[in-house]
Amino acid sequence: MSLDAVRVFAMLAIVAGHIWVDGPARPFLYSWHVPIFFLLSGYLWKVGRSFNREVRSRVRSLLIPYAVWLVLLGTVTLGTESVEGGFDPIRLAHLLWGGQFATDGPFWAMWFVTALFFAAVIYWPVSRLPLPGQWAIAAILFIAAAYIPGHPARFLPLSLGLALACIIFIVAGRSMRRARGMVRHPIVTGVVLLAVSFTLIVLGWSQPLDLKRLDVGTPVVSIVVAVALSFGFILITEGLLGGDSVGEDAKPSVRRKSRVDGIGQLSRVVTQLARASLTVLFIHPAVVTGLHSLGPPKPVVYLLTIGIAWPVGLLLLRLPHSRAITGLKPAH
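Quick caveat: nothing in here was measured; it's all calculated off a predicted structure. (Residues numbered from 1 in each chain as written. Predicted model: local features only at pLDDT ≥ 70, side-chain atom pairs only at ≥ 80, totals over all residues. Heavy atoms only, no water.)

J.: What is the right way to look at helix H13 (residues 298-318) in this model?
T.: Between its first and last C-alpha atoms H13 spans 30 Å; for 21 residues at 1.5 Å apiece the expected length is 30 Å, and the two agree. Within the span of H13, buried status applies to Val-301, Tyr-302, Thr-305, Ile-306, Ala-309, Trp-310, Gly-313, Leu-316 and Leu-317. Each buried residue of H13 sits inside an arc of 130 degrees when the element is viewed along its axis, so together they form one side. Residues of H13 that are exposed and point over 90 degrees away from its buried face: Leu-303, Leu-315 and Arg-318. (Helix = DSSP H or I, 4+ residues; strand = E, 2+ residues; numbered from the N terminus. Expected span 1.5 Å × (residues − 1). Buried < 20%, exposed > 50% of the residue type's maximum accessible area, 1.4 Å probe, protein only. Arc of directions from axis to C-beta.)

So this is what it looks like as structure tokens:
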């Protein structure tokens, strides 16, 4: 349950980041709210899964819902624009190319889905190496994607170039999982990580990230802060709600059970909210755009967006044959 709670918290931050795009909240959101999802992929990486199975799993959970939502949102958006001012083939080409070219209107978050897909698929062969080798390859890919003049990686289709930069967070998550057993006081450790990281942000020594534009902030520092914040949130949540106290190599029988295992209803609610998070990712930009046009204050937009997008996501999870939309088997 603890990591489901982290997913829910991170998705709440994603929605907030699309409302408070500028201003004082930006550094405190953009420094971690996207990297934490890649770090969680590494933290939860399934060792021993074959490449074919990895690809099939990611296609079902990410790529198919991406294609379905792209068609749904694209049809509505392009249809409306065609009625109002004529069909724009360049706009269609941008949507099909994806990545940073599909980040306006209701497509703000689409880049992330294909970036996560390609990052996981590319990481699979990297994951077979010892951790030092993984870090070396991830660093090379990150530097190539983020620091080559002109950022040519930004122009690769379907966020492929963005995925190359984000592999470093998957490796960080895998490393954190290996080190998790050495953390005996997760809440204290997590608070220290957050305190140090937010201090660096407040002092201006760590600039926020904008990964869809390959803006990686302050060299090295911003990446370290993103990892520290992500791991800090994970540790605090595991400490409060319960979670694994040992590394990925431990047998399930010696892993500490969650303190909330007995609170079945709370656990089920959090799990369902986490399962709906991908659908919320697809839905919320359209909701935010529509609400902004009505002119309410940003806190109202935020609360209404959560109050609309998440119930819709939960409803879709319960519909039969909804896997193509949600990426998951329907809830019973």
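J.: Would you mind showing me how to read the pattern of salt bridges here?
T.: Pairing between side chains becomes possible if they bear opposite charge and their charged atoms approach one another. In total, this model carries 7 salt bridges according to the counting rule given. Of the charged contacts in the structure, one is a salt bridge between Arg-49 and Glu-54, with a shortest N-O distance of 3.3 Å. An identical accessibility class is assigned to Arg-49 and Glu-54; each is buried. Taken together, the shared-partner salt bridges connect Arg-26, Asp-210 and Arg-213 into one network. (Salt bridge = Lys/Arg side-chain N within 4 Å of Asp/Glu carboxyl O.)

J.: Looking at this structure, I do not really get the confidence of the model for the chain. What am I missing?
T.: Segments scoring low in pLDDT should not have their predicted coordinates read at a detailed level. When pLDDT is averaged across the chain, the result is 90; 93% of the residues are at 70 or more. In the predicted structure, residues 249-256 sits below a pLDDT of 50 and forms 12 contacts with residues beyond four places in sequence or in another chain. Low confidence marks residues 258-262, where pLDDT is under 50. Its contacts with residues over four positions away, or in another chain, come to 9 contacts. (pLDDT = per-residue confidence, 0-100. Contact = heavy atoms within 4.5 Å.)

J.: So what exactly am I meant to see when it comes to a nonpolar patch on the surface here?
T.: A grouping of Val-300, Leu-304, Ile-308 and Val-312 is seen on the molecular surface, where their side chains present a nonpolar patch of about 270 Å² in accessible area. With respect to the helices and strands, the residue Val-300 is situated in helix H13. Judged by relative accessible area, which is 35%, Val-300 ranks as partly exposed. (Patch = residues over 30% accessible without salt bridge, like charges linked within 9 Å, V, L, I, M, F, W, Y side chains within 5 Å. Areas by Shrake-Rupley, 256 points an atom, 1.4 Å probe, with all protein chains shown as cover.)

J.: Sorry if this is basic, but what is going on with the nonpolar core here?
T.: As a rule of thumb, nonpolar side chains are buried together in soluble globular proteins. Residues Phe-38, Phe-112 and Phe-169 are the most contacted members of the largest nonpolar core, which totals 95 residues. The element best represented in this core is helix H6 (residues 110-127), accounting for 13 residues. Beyond its immediate chain neighbours, meaning those up to four positions away, Phe-112 contacts Val-34, Phe-37, Phe-38 and Leu-281. (Core = buried A, V, L, I, M, F, W, Y, C linked by side-chain atoms within 4.5 Å.)

J.: What should I look at first to understand the side chain of Thr-218 in this one?
T.: Looking at the secondary structure, you find Thr-218 in the loop between helix H9 (186-202) and helix H10 (221-241). The class of Thr-218 is buried, set by a relative accessible area of 19%. The contacts of Thr-218, once residues within four sequence positions are left out, are Trp-205, Ser-206 and Gln-207.

J.: Where do I start with the packing of helix H3 (residues 35-43) against H6 in this structure?
T.: How two helices pack is summed up by the angle between their axes together with the distance between the axes. Following both chains from N to C, one finds H3 and H6 inclined at 30 degrees, their axes separated by 11 Å at the closest point. Taken together, the axes of H3 and H6 are roughly parallel relative to one another. Considering the relative orientation of H3 and H6, their crossing is right-handed. Residues Phe-37, Phe-38 and Ser-41 of H3 touch H6, and the partners they reach there are Phe-112, Ala-115, Leu-116 and Ala-119. (Axes fitted to C-alpha atoms, helices over the stretch in contact; angles between N-to-C directions. Parallel < 35°, antiparallel > 145°, perpendicular 65-115°, else oblique. Left-handed = near helix turned anticlockwise from the far one by under 90°.)

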